[in-house]
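Coordinate inspection notes
If you want the building blocks of each chain, they are given just below.
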Amino acid sequence: MNTSATMAGTALCGSGFLAIGVWLHFAYPGYATLLPEHAVLSADCMFITVGVISFVIAFFGCCGSWFQSRCFLVIYFTLVVLLFLSEFLLGSLAFVFRGGIGRMLTQELKYGIEKHYNVSDRGGFLTPSVASIWDNLQVDLQCCGVSSYEDWYDISAWPGERWVPQSCCRSQYGSMFSEGSGDELTNVDCRKAGNPALLWDKSCGQILQMWFVQRLHIVGTVVLVIGFLQLFGLISSMLLFCTVKHKRSSKTYKSYSPTVDTTLNRNGTSATYMDD
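What you are looking at is a predicted structure, and each value in this text was computed from that prediction instead of being measured.

1. Describing the UniProt feature "transmembrane region" (unreviewed entry) in the protein chain
On the UniProt side, "transmembrane region" (unreviewed entry) is annotated at positions that read residues 7-26, 46-67, 74-97 and 218-244 here. Helix makes up 100% of residues 46-67 and strand 0%, with an end-to-end C-alpha separation of 32 Å.

This is how it looks when you write it as structure tokens:
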């Protein structure tokens, strides 16, 4: 029973990851284009991949538990061990090379801004463009650029210019605002003014890093729960494997039946009373 519950829990976790991945794909479409060269590293793709792998592994475990098949149990045990080792290896590499990974992500985001930002291309509902995603992100988070507002200087959308998109401007300024008084009143374009005081003072990378650090305890809890389920699944599968092997090799094995056991006890008690 514990083994079946563990397999079912693994299947539920896989289904949960798959559902989160599908939800991210449709609720926040197109965010993979922020990393044009590594779109497979987007959150929705990773959740869907982990969900499918977990669901397939749980399928072998449930089949092995239900049919008491040693072949399915061995496959389940092998897959869980490989998954556990892969997670440990990837986690260790990510921790050791966290600085390099951070720099790589920063460079990829800047490359997307420099080469793929196009003001006139807004994309569609299911596949928004890089420009649409960056504009929405900067307005929602009230940030500008990956590391600073200078990331927008001299990009392919405006080569040789020190401009920023309108989404970098503070809400009170907008695209155009008036500056001066009386006859000296002039219209100033916030995008082209070159005045950092008119722009959001924080970078998007800084805000996203703070958001992740504030929720680091949630990530740690999820990782511990997944690790516990995998470890418990390994132990349960090996115990069930040994039980199935013992049942098939033992010549004196008889299945336990509460009805038969009660009948035998009653008969034994009656015989004792008659002897007395």
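Read on for the rest.
2. Overview of the pattern of salt bridges
The final tally for this structure, using the stated rule, is 2 salt bridges. Between Glu114 and Lys115 there is a salt bridge, with the nearest N and O atoms lying 3.9 Å from each other. Residue Lys115 is classed as partly exposed on the basis of its relative accessible area, which comes to 47%.

3. What to know about the environment of Ala43
Within the secondary structure layout, Ala43 lies in helix H2 (residues 43-67). Along the backbone, Ala43 and His25 are 18 residues apart, and their C-alpha atoms lie at a distance of 8.5 Å.

4. Focus: the nonpolar core
Counting residues in hydrophobic clusters, the biggest one holds 25 residues, and the most contacted among them are Tyr117, Trp134 and Trp152. Elements that contribute at least two residues to this core include exactly helix H4 (98-116), helix H5 (130-141) and helix H6 (204-214). Residue contributions to this core peak at 5 residues, all from H5. In this structure Trp134 touches Leu34, Leu109, Ile113, Tyr117, Val146, Trp152, Ser167 and Cys204, once residues within four positions along its chain are discounted.

5. Here we look at H4
A rise of 1.5 Å per residue sets the reference length of H4, with its 19 residues, at 27 Å; its end C-alpha atoms lie 26 Å apart and thus fit the reference within 8%. Buried within H4 are the following residues: Glu108, Leu109, Gly112 and Ile113. Seen along its axis, H4 keeps its buried residues to an arc of 135°; they face one direction. Of the residues in H4, the exposed ones pointing more than 90 degrees away from the buried face are Arg103 and Gln107. In this fold, the buried residues of H4 make contact with H5.

6. Side note on unusual backbone geometry
Phi at Gln142 is positive, roughly 55°, even though this residue is not glycine. With respect to the element layout, Gln142 can be found in the loop between H5 and strand S1 (176-179). Taking relative accessible area as the criterion, Gln142 reaches 44% and is therefore assigned partly exposed. Positive phi values are uncommon outside glycine, yet Asp154 reaches one of about 55°. Looking at where Asp154 falls in the secondary structure, it is placed in the loop between H5 and S1. Using a relative accessible area of 46% as the deciding quantity, one classes Asp154 as partly exposed.

7. Observations regarding the state of the cysteines
If you walk through the whole model with that rule in mind, you get 3 disulfides. In this model, Cys143 is linked to Cys204 through a disulfide, with the two sulfur atoms separated by 2.0 Å. The sign of the S-S torsion, about 85°, decides the handedness of the disulfide formed by Cys143 and Cys204: right-handed. Separated by 61 residues along the polypeptide, Cys143 in the loop between H5 and S1 and Cys204 in helix H6 bring together distant segments of the chain. Cys204 matches Cys143 in its accessibility class, with the two residues each being buried. Two residues, Cys144 and Cys168, share a disulfide whose sulfurs are 2.1 Å apart. When the S-S torsion is 90°, as for the bridge of Cys144 with Cys168, the disulfide is right-handed.

8. Things to note about the packing of aromatic side chains
Going through the model one piece at a time under the given rule, you end up with 7 aromatic pairs. Ring centres of Trp134 and Trp152 lie 6.0 Å apart, and the angle between their planes is 85°; this geometry places the pair in the edge-to-face category. Placement of Trp134 in helix H5 and of Trp152 in the loop between H5 and S1 is noted, with a sequence separation of 18 residues between them. With relative accessibility at 2%, the residue Trp134 sits in the buried group.

Rules used in this analysis
Residues numbered from 1 in each chain as written. Predicted model: local features only at pLDDT ≥ 70, side-chain atom pairs only at ≥ 80, totals over all residues. Heavy atoms only, no water. UniProt positions renumbered as here; feature names shortened; annotations may be inferred. Helix = DSSP H or I, 4+ residues; strand = E, 2+ residues; numbered from the N terminus. Salt bridge = Lys/Arg side-chain N within 4 Å of Asp/Glu carboxyl O. Buried < 20%, exposed > 50% of the residue type's maximum accessible area, 1.4 Å probe, protein only. Core = buried A, V, L, I, M, F, W, Y, C linked by side-chain atoms within 4.5 Å. Contact = heavy atoms within 4.5 Å. Expected span 1.5 Å × (residues − 1). Arc of directions from axis to C-beta. Disulfide = S-S within 2.5 Å. Phe/Tyr/Trp six-rings, centres within 6.5 Å; stacked < 30°, edge-to-face > 60°.

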